[in-house]
Amino acid sequence: MTNKMTMNVTAQTEGITVKANAGKHEFMIDEGKHMGGQDLGPNPLQSVLGSLAACENVTSRMVAREMEFDLQDISFNISGEFDPRGFMGKADVQPYFDVVTIEAEVITTESAERLKELQEKVEARCPIYTMMKAAGVNMVDTWKVAQPA
């Protein structure tokens, strides 16, 4: 017996612009005008980074519940570096991110040790994080307790 889930997205295109539908949700993925797009949404790589933040958020909240971890809130600053020559056809350059840097700020009363435990569990279970890691992307992670404003 399998417990696999299937995700489905349909997409219509207008030039470079993509209008995607996932169930009852619609979202745009585009490029800036300098790339021939209409600038109606984030570009595909920005969408991947946004999806990584969303996936880590969901995974963090699920794992925190399991650990009885006081996760009051979490925010992310995620950046990715890639060499566009791979996208442009240079065979010896990978066309996806070389490095993804994740800075997570967590509002919590928990210790640094417990925060590290949460981070390790999230990084082991987050589908998008683990997919990127399996692709050989260098994942540079910093999780810290947010400083009061």
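Up top is the structure.
Before going into details, it helps to say that this report is about the structure given with it. The shown structure was predicted, so the numbers you read here are calculated from the model rather than taken from an experiment.

1. Observations regarding helix 1 (residues 44–67)
No. 1: Helix length check: helix 1, at 24 residues, gives a terminal C-alpha distance of 34 Å against a target of 34 Å (1.5 Å per residue), a fit within 8%.
No. 2: Buried residues of helix 1: Ser47, Leu49, Leu52, Ala53, Cys55, Glu56, Thr59, Ser60, Val63, Ala64 and Met67, and no others.
No. 3: On its buried face, helix 1 sits against strand 3 (25–29), strand 4 (73–81), strand 5 (99–107), helix 3 (112–125), helix 4 (127–134) and strand 6 (138–145).
No. 4: Capping the start of helix 1 is the job of one residue whose side-chain oxygen sits 3.0 Å from the backbone nitrogen of Leu45: Asn43.
No. 5: Backbone geometry just after helix 1 places Glu68 at a positive phi near 55 degrees.

2. Details of the packing of aromatic side chains
No. 1: Summed over the entire model, instances satisfying the criterion amount to 2 aromatic pairs.
No. 2: Taking 6.3 Å as the distance between ring centres and 85 degrees as the angle between the ring planes, the aromatic pair formed by Phe82 and Phe97 counts as edge-to-face. Here Phe82, found in the loop between strand 4 and helix 2 (84–87), pairs with Phe97, found in the loop between helix 2 and strand 5; they are 15 residues apart in sequence, far enough to count as distant.
No. 3: With relative accessibility at 32%, the residue Phe82 sits in the partly exposed group.
No. 4: When its relative accessible area of 5% is taken as the criterion, Phe97 is described as buried.

3. A short note on unusual backbone geometry
No. 1: Backbone geometry at Asp39 places phi at a positive 60 degrees, although glycine is not the residue there.
No. 2: Along the chain, Asp39 falls in the loop between strand 3 and helix 1.
No. 3: When its relative accessible area of 52% is taken as the criterion, Asp39 is described as exposed.
No. 4: In this structure, Glu68 takes a positive phi of about 55 degrees despite not being glycine.
No. 5: Mapped onto the secondary structure, Glu68 falls in the loop between helix 1 and strand 4.
No. 6: Of the residues examined, Glu68 reaches a relative accessible area of 70% and is grouped as exposed.

4. Regarding the sheet that holds strand 6
The strands making up a sheet associate through hydrogen bonds between their backbones, and the pairing can be parallel or antiparallel.
No. 1: If you trace the 3 strands from one edge of the open sheet to the other, you get 4-5-6, paired in mixed fashion. Looking at which strands have only one partner, the edges of the open sheet turn out to be strand 4 and strand 6. On average, each strand axis in the sheet is inclined to that of its neighbour by 15 degrees, with strand direction left out of account.
No. 2: Bridging between strand 5 and strand 6 involves 8 bridges; their strand directions are parallel. Across the sheet, the residue bridging to Thr101 is Val140, located in strand 6.
No. 3: Packed onto the sheet, helix 3 meets strand 5 and strand 6 and runs at close to 145 degrees relative to strand 6.
No. 4: Sheet strands in contact with helix 4 are strand 5 and strand 6, and its direction is about 145 degrees off that of strand 6.

Definitions and cut-offs
- Residues numbered from 1 in each chain as written.
- Predicted model: local features only at pLDDT ≥ 70, side-chain atom pairs only at ≥ 80, totals over all residues.
- Heavy atoms only, no water.
- Helix = DSSP H or I, 4+ residues; strand = E, 2+ residues; numbered from the N terminus.
- Expected span 1.5 Å × (residues − 1).
- Buried < 20%, exposed > 50% of the residue type's maximum accessible area, 1.4 Å probe, protein only.
- Contact = heavy atoms within 4.5 Å.
- Polar contact = N/O pair within 3.5 Å; in protein donor to acceptor, adjacent residues only side chain to side chain.
- Phe/Tyr/Trp six-rings, centres within 6.5 Å; stacked < 30°, edge-to-face > 60°.
- Pairing = 2+ DSSP bridges.
- Axes fitted to C-alpha atoms, helices over the stretch in contact; angles between N-to-C directions.

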